[in-house]
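# Per-entry structural report
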Amino acid sequence: MPGNNRDRSPWYWLLLVPIAVPLMTFLFNAAEPTLLGFPLFYWLQLAFIILGVATTTLVYRMTR
């Protein structure tokens, strides 16, 4: 449909956050602290997944 600019929403820029954050290796380049016996790397990977889901949900709701 001509004139439909839904794909040009600035909210889509927010989708770069869950891509860029896990690429910052200084965030998880350590074994400490541990959480329930798991080193930082493992529970931070789970936090990255939660960040991605939350960001994708937010962008979806703001652009639908």
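If you're wondering where the values come from, they're calculated on a predicted model, not measured in any experiment. (Residues numbered from 1 in each chain as written. Predicted model: local features only at pLDDT ≥ 70, side-chain atom pairs only at ≥ 80, totals over all residues. Heavy atoms only, no water.)

### Regarding the packing of aromatic side chains
Rules: Any Phe, Tyr or Trp ring, taking Trp's six-membered ring, that has another such ring centre within 6.5 Å forms a pair; planes under 30 degrees apart are called stacked, those over 60 apart edge-to-face, and the others tilted. Each helix is a run of DSSP H or I of at least 4 residues and each strand a run of E of at least 2, with the numbering of both proceeding from the N terminus. Type-normalised accessible area, obtained with a 1.4 Å probe on protein chains alone, sets the label of each residue: buried when under 20%, exposed when over 50%, and partly exposed for intermediate values.
Tallying each qualifying case throughout the model produces 3 aromatic pairs. Look at Phe28 and Phe48: their rings are 6.0 Å apart centre to centre, the planes differ by 70 degrees, and that puts the pair in the edge-to-face class. A residue pair is termed long-range when its members are at least 10 positions apart, and Phe28 in the loop between α1 (17-20) and α2 (40-63) and Phe48 in helix α2 qualify at 20 residues. Ring geometry for Phe41 against Tyr42: centres 5.4 Å apart, planes inclined by 80 degrees, an arrangement best described as edge-to-face. You can call Phe41 partly exposed: its relative accessible area is 34%. One aromatic cluster is present, formed by Phe28, Phe41, Tyr42 and Phe48 through successive ring pairs.

### Re the UniProt feature "transmembrane region" (unreviewed entry) in the protein
Note the following rule: UniProt positions are given in the numbering used here, feature names are shortened, and annotations may be inferred rather than shown by experiment.
As annotated in UniProt, the feature "transmembrane region" (unreviewed entry) corresponds to residues 12-28 and 40-60 in the numbering used here. Annotation note: span residues 12-28, helix share 24%, strand share 0%, distance between end C-alpha atoms 26 Å. Secondary structure content for residues 40-60 is 100% helix and 0% strand, and the end C-alpha separation is 30 Å.

### A few points about the side chain of Thr55
Just so we agree on the cut-off: By the convention used here, residues are in contact when the closest approach between their heavy atoms is within 4.5 Å.
Residue placement: Thr55 occurs in helix α2. Discounting residues that sit within four places of it in the chain, Thr55 has contacts with Leu14, Leu15 and Pro18.

### A closer look at the environment of Arg61
Secondary-structure assignment places Arg61 in helix α2. C-alpha of Arg61 to C-alpha of Leu16: the two residues are 45 residues apart in sequence and 17 Å apart in space.

### Concerning unusual backbone geometry
Here Leu36, not a glycine, exhibits a phi torsion of approximately 55 degrees, which is positive. Within the element layout of this structure, Leu36 appears in the loop between α1 and α2.

### Some words on the nonpolar core
Note the following rule: Each nonpolar core is a collection of buried residues, namely Ala, Val, Leu, Ile, Met, Phe, Trp, Tyr and Cys, held together in the definition by side-chain atoms within 4.5 Å.
Formed by Val21, Phe28, Leu40, Leu44 and Phe48, the largest nonpolar core amounts to 5 residues. Residues in contact with Phe28, not counting those within four places in the same chain, are Pro22, Leu40, Phe41, Leu44 and Phe48.

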